[in-house]
Amino acid sequence: MKKIALITGANRGIGFETARQMAKLNYTVLLGARDEKKGKEAAAKLVKEDLDVHFLHIEPTDPVSVARAKKDVEAKYGVLDVLINNAGVFMDGDMGPGALVPTQVIRDTYETNVFGLHEVTHTFWPLLNKSKAARLVNVSSGLGSLTLHESGTFADMQVIGYNSSKAAVNMMTLHYAAQWKDTPHRANTIHPGSVKTDMNKNGELTVEEGAKTSVDLATLDANGPNGGFFHLGEKMPW
C-alpha cells in the first residue's frame, strides 16, 4: 500500500515542487492549499504528469478548516505517513529595525508560521501515530538560527517577525521529536536554502534544489535522525 503524504502550502513554489518529487517517489500526495481554485489547478498539473496527487483544502490558520481536512483524510485513508508543514508567510512591513516593526505584523506572521503549523500538527498527530513510521518535516529557514544571527551572518536580514517565527518552529520541532523518542517516527526541521520563488525573487537555488531537503527528511529510513535541523544533508546550527 502506498504511503500518504500531506504538504501544506503546496499550490506553488517549493511546496508544489515538493509535491511533485514525493509523488515521483510513489507516494499518494495530498496537495494542501488554502485557495481552492489555485489548489485544484496545481493538483491537475501534476495529475497530467501521471502522478498520484489530490487537492486537499486546508487553511492552517482556521481550526475548522484543519479539522475538516483531517476528517477527510481519516475517512479516505485512515492514516497519514508524512506531514510536511510548508505553508508560510513573509509580511510586508517586517523589514528593518525590529523595534520599529508594528506588533500586528509580527502577530500576522506568527498566525501562519507558528500557530497554523501547530494547529495542523496537533490535529493530524493521531493519524501520524497510526503510521508504521511517520515523518514530520517542518519547513523553517536559516534565518531562524540564533547562532547565525549572533555571528553576524544575517546582519542584512533584520526581519524580526519572520526570523523569530522560524526560530519558534525549530523549538517546536524539538518538542514534537521528543514525543517520538524511542519510536519509529521522526520529526525534523529544514532550511530549504535561498530559493528563487514568488516570495524570494533574488533566490540562488532552483525550486527543485529547494524541495530536496524536505523530500530527503520525509523519506528517511529507520536510522534517520529525529529532532535535527538540516539543509541538503548537512546539520544547521540552532
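Residues numbered from 1 in each chain as written. Predicted model: local features only at pLDDT ≥ 70, side-chain atom pairs only at ≥ 80, totals over all residues. Heavy atoms only, no water.

Asks: Kindly report on the packing of helix α1 (residues 13-24) against helix α2 (residues 36-47), identifying the contributing residues and their values.
Replies: It is the contact of α1 with α2, at a shortest axis distance of 11 Å, that shows an interaxial angle of 35 degrees. Like other packed secondary-structure pairs, α1 and α2 cross with a definite hand, here right-handed. For the pair formed by α1 and α2, the contact residues are Phe 16, Ala 19 and Arg 20 on the first element and Ala 42, Lys 45 and Leu 46 on the second. The residue inventory of the contact of α1 with α2, partitioned by class, reads four nonpolar, no polar and two charged. (Axes fitted to C-alpha atoms, helices over the stretch in contact; angles between N-to-C directions. Helix = DSSP H or I, 4+ residues; strand = E, 2+ residues; numbered from the N terminus. Left-handed = near helix turned anticlockwise from the far one by under 90°. Contact = heavy atoms within 4.5 Å. Nonpolar A, V, L, I, M, F, W, Y, C, P; charged D, E, K, R; others polar.)

Asks: Tell me about the pattern of salt bridges, and please be specific about residues and values.
Replies: In this structure the tally under the stated criterion is nine salt bridges. Asp 52 is the partner of Lys 2 in a salt bridge, and the nearest nitrogen-oxygen pair spans 2.9 Å. Taken as a pair, Lys 2 in the segment before β1 (4-7) and Asp 52 in the loop between α2 and β3 (53-57) lie far apart in primary sequence, 50 residues in all. Take Lys 2: its relative accessible area is 30%, and that puts it in the partly exposed class. Take Asp 52: its relative accessible area is 23%, and that puts it in the partly exposed class. The partner of Glu 74 in a salt bridge is Lys 70, and the shortest N-O contact between them spans 3.2 Å. Of this pair, Glu 74 and Lys 70 both sit in helix α3 (residues 63-76), four residues apart, which is roughly one turn of that helix. Within this structure, Glu 17, Arg 20 and Glu 49 form a network of salt bridges that share partners. (Salt bridge = Lys/Arg side-chain N within 4 Å of Asp/Glu carboxyl O. Buried < 20%, exposed > 50% of the residue type's maximum accessible area, 1.4 Å probe, protein only.)

Asks: Tell me what's going on with the packing of helix α4 (residues 103-128) against helix α6 (residues 160-179), and back it up with residues and numbers.
Replies: Packing of α4 against α6 brings their axes to within 8 Å, and their N-to-C directions diverge by 15 degrees. Accordingly, the angle class assigned to the pair α4 and α6 is roughly parallel. Crossing of α4 over α6 shows right-handed handedness. The residues of α6 that touch α4, namely those facing Ile 106, Thr 109, Tyr 110, Asn 113, Val 114, Leu 117, His 118, Thr 121 and Trp 125, are Ile 160, Gly 161, Tyr 162, Ser 164, Ser 165, Lys 166, Ala 168, Val 169, Met 172, Tyr 176 and Gln 179. (Parallel < 35°, antiparallel > 145°, perpendicular 65-115°, else oblique.)

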